[in-house]
Amino acid sequence: MAAKPRISVIGVGYVGLCTAVGFASKGYSVVCSDVDSGKVSKIKAGIPPFHEPNLPQMLEKSINQGYLTCLVNQTEAAVMETDITYIAVSTPSKEDGSIDLRYIEAVSRDIGKTLRQKNGYHVVLVKSTVVPGTTQNTVKPILEAESKKTCGRDFGLCMNPEFLRQGSAFEDTSNPDRVVIGSFDEKSGDAIERLYRDFYHPKVPRIIRTSLATAELIKYASNAMLATKISFINTIANICEEIPGADVKVVAAAMGLDKRIGPLFLDAGLGYGGSCFPKDVKALIACSKALGYEPELLDSVEDVNHKQPLKAVEFVKQQLGNLEGKNIAILGLAFKPDTDDMREARVIPIINELLKEGAVITAYDPVAISMAKSIFQNKISYADSAIGCLKNADCAIVVTEWEEFKKLSPEDFCINMRHPILIDGRRIYCPEVYSEKLKFTAIGLGK
Ligand code: UDX
């Protein structure tokens, strides 16, 4: 293998593209391939297909310097020209919550076919989130059958979960808490450990070497733990609301000072969304049940998260009673700030429920409006500013904690709304200040 191995990345979704750009920006030669020609044309033109801070500049630089190329559905060509192949295709949920491996299987077949013709040692690395056993029992047999070669002897196989968060992808990949390398055999693991030691030099993070299945489970366990923290603090928030004078923010801050608990992921709100937590918790539940174990704790985590967004609707009804014809301003559509992603966004059940009750909705988000239009079409109206969204509203709900919403003063609400009623679904406002001038309700605040 050359000093800097050449890398192919199959699947340029969030994880694939950020991985590819991360390597290319450090001078690695990267070839990507994706079945979506629209996405590939955008990437080739230096335009990221999704919103991510720093990605546009890094992508453009990588392309201009010739370190990154992107092909339409040419896994074979990408593998042929490189030494290490990342599988980063999506692993969606099936109806029953279990993981759909069809893209993983298809890509493994294409990679295997290419390995058959390719000389020299090649390492295949699964980056997609897959349930424990997938790399060993699905990817390996396909690669061996198609390549007519033997894993461990003729080619390497690793599982390397990704922990990056949308909105801070490059901070997370350039400065991770740990790098997990699950490997079929030592030689494959050594090749990938060398790759990461070189990539991170001189500030190499903790590298954890494990079996393939353990690496796969580390990813699910991490996401399930974070989801559990969120559903836990939301449960405490719901209890706080029944206790006069209690405030979940203060409870969480004090809890977080205990080193065994830690301060992060204890922000009570309207629940978790996005492309990972909901899907991964469901997949872990389905995987566990298939293995014969009922993961009751995880069932509850999901259940709490399913109900949590509807708290916003409950609060609106407490304030306004019948919602027929009432104007509701929705501040924030993305599942979290700094992204335009609305997958499993908590705003979706909130808006659907408000519409069912006859409310008239105007929504605003700094970047996710066009995404929202593809979901809600003309069932709701869209404003082009936060202030515009508040005009004539009977009630406003903060659903996503964008920085610009934090700057809205009580006067901004009072002057623009018909009835200054504010529901803080993400705890971004100081209750003392806002409740002085507005009818103010917030998650986790005792009445
Ligand atoms: C997550 C994991 O953090 C990441 O390690 C993994 O690779 C992919 O899934 P991401 O989905 O980008 O990343 O978002 P994250 O910042 O973790 O937030 C997920 C959801 O949890 C958001 O909807 C957010 O609003 C919610 N959340 C987060 C809370 O409600 N409270 C918190 O304290 C933290």
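Remember, it's a predicted structure, so these values are computed and weren't measured experimentally.

Under the definition given, this model contains 14 aromatic pairs. With a centroid separation of 6.1 Å and an interplanar angle of 45°, the aromatic rings of tyrosine 28 and phenylalanine 199 are classed as tilted. Taken together, the positions of tyrosine 28 in the loop between α1 (14–24) and β2 (30–34) and phenylalanine 199 in helix α8 (residues 186–200) put the pair 171 residues apart, joining distant regions of the chain. Each residue in the set Phe23, Tyr28, Tyr86, Tyr196, Phe199 and Tyr200 is aromatic and connected to the rest through ring pairs, giving one cluster. The ring of phenylalanine 199 has lysine 26 sitting right over it, with the charged end atom 4.3 Å from the ring centre.

Our next topic: the domain arrangement of the protein chain. Under the domain assignment used here, the protein chain contains domain 1 (7–210) and domain 2 (239–442). Computed from C-alpha atoms alone, the centre-to-centre distance between domain 1 and domain 2 is 34 Å. Between domain 1 and domain 2, the residue contacts involve 16 residues of the former and 15 residues of the latter. Roughly 1100 Å² of surface becomes buried between domain 1 and domain 2 when both sides are summed, with 55% attributable to carbon and sulfur atoms. Its largest share of buried area at the contact with domain 2, domain 1 owes to His51, Gly97 and Gln166, together 45% of the area lost on that side. Scanning the region where domain 1 abuts domain 2 turns up zero salt bridges. Our count for the domain 1 to domain 2 interface comes out at six residue pairs in polar contact (both at pLDDT 80 or more). Residues belonging to the side of domain 1 that touches domain 2 are distributed by class as follows: six nonpolar, eight polar and two charged.

Let's shift gears to helix α14 (residues 347–356). For α14, the full list of buried residues reads Val347, Ile348, Ile350, Ile351 and Leu354. Taken end-on, α14 shows its buried residues confined to a sector of 165°, consistent with a single buried face. Each element contacted by the buried residues of α14 is listed here: α13 (310–320), β9 (327–331), β10 (360–364), α15 (369–376) and β12 (395–398). Backbone geometry just downstream of α14 places glycine 358 in the positive-phi region, at approximately 90°.

In this section: the environment of alanine 88. Within the secondary structure layout, alanine 88 lies in the loop between β4 (84–87) and α5 (102–117). Through-space distance from the C-alpha of alanine 88 to that of isoleucine 47 is 19 Å; in sequence the pair is 41 residues apart. Residues in contact with alanine 88, not counting those within four places in the same chain, are Val9, Ile10, Gly11, Gly16, Lys127 and Ser128.

Running from N to C, helix α11 (residues 277–290) and helix α12 (residues 296–307) point in directions that differ by 150°, and their axes come no closer than 10 Å. Taken together, the axis directions place α11 and α12 in an arrangement best described as roughly antiparallel. Between α11 and α12 the crossing geometry is left-handed. Across from Val281, Lys282, Leu284, Ile285 and Lys289 in α11, the residues of α12 making contact are Leu298, Asp299 and Glu302. Across the contact of α11 with α12, the residue classes break down as four nonpolar, no polar and four charged.

Buried within α13 are the following residues: Lys311, Ala312, Val313, Phe315, Val316 and Leu320. Taken from the residues just after α13, glycine 321 is the one with a positive phi, measuring 70°.

Packing of α13 against α14 brings their axes to within 8 Å, and their N-to-C directions diverge by 35°. Note on packing geometry: the crossing formed by α13 with α14 is right-handed. Of α14, the residues touching α13 (which contributes Leu310, Ala312, Val313 and Val316) are Pro349, Ile350, Glu353 and Leu354. Partitioning the contact of α13 with α14 into residue classes produces seven nonpolar, no polar and one charged.

Moving on: the site of the ligand. In the vicinity of the ligand, 19 residues are found, and the nearest of them are Phe163, Leu164, Gln166, Asp267 and Lys336. A distance of 3.4 Å separates an oxygen atom of the ligand from a polar side-chain atom of arginine 426. In the complex, 92% of the free accessible area of the ligand, which totals 660 Å², lies under the protein chains. If one sorts the elements of the shell around the ligand by residue count, helix α9 (residues 212–240) sits on top with three residues. Both domains that meet at the shell around the ligand, namely domain 1 (7–210) and domain 2 (239–442), each give it at least three residues.

Cut-offs and rules
Residues numbered from 1 in each chain as written. Predicted model: local features only at pLDDT ≥ 70, side-chain atom pairs only at ≥ 80, totals over all residues. Heavy atoms only, no water. Phe/Tyr/Trp six-rings, centres within 6.5 Å; stacked < 30°, edge-to-face > 60°. Helix = DSSP H or I, 4+ residues; strand = E, 2+ residues; numbered from the N terminus. Lys NZ or Arg CZ within 6 Å of the ring centre and 35° of its normal. Domains from an automatic or database assignment. Contact = heavy atoms within 4.5 Å. Buried area = accessible area lost by both parts, 1.4 Å probe. Salt bridge = Lys/Arg side-chain N within 4 Å of Asp/Glu carboxyl O. Polar contact = N/O pair within 3.5 Å; in protein donor to acceptor, adjacent residues only side chain to side chain. Nonpolar A, V, L, I, M, F, W, Y, C, P; charged D, E, K, R; others polar. Buried < 20%, exposed > 50% of the residue type's maximum accessible area, 1.4 Å probe, protein only. Arc of directions from axis to C-beta. Axes fitted to C-alpha atoms, helices over the stretch in contact; angles between N-to-C directions. Parallel < 35°, antiparallel > 145°, perpendicular 65-115°, else oblique. Left-handed = near helix turned anticlockwise from the far one by under 90°. Near = heavy atom within 4 Å. Areas by Shrake-Rupley, 256 points an atom, 1.4 Å probe, with all protein chains shown as cover.

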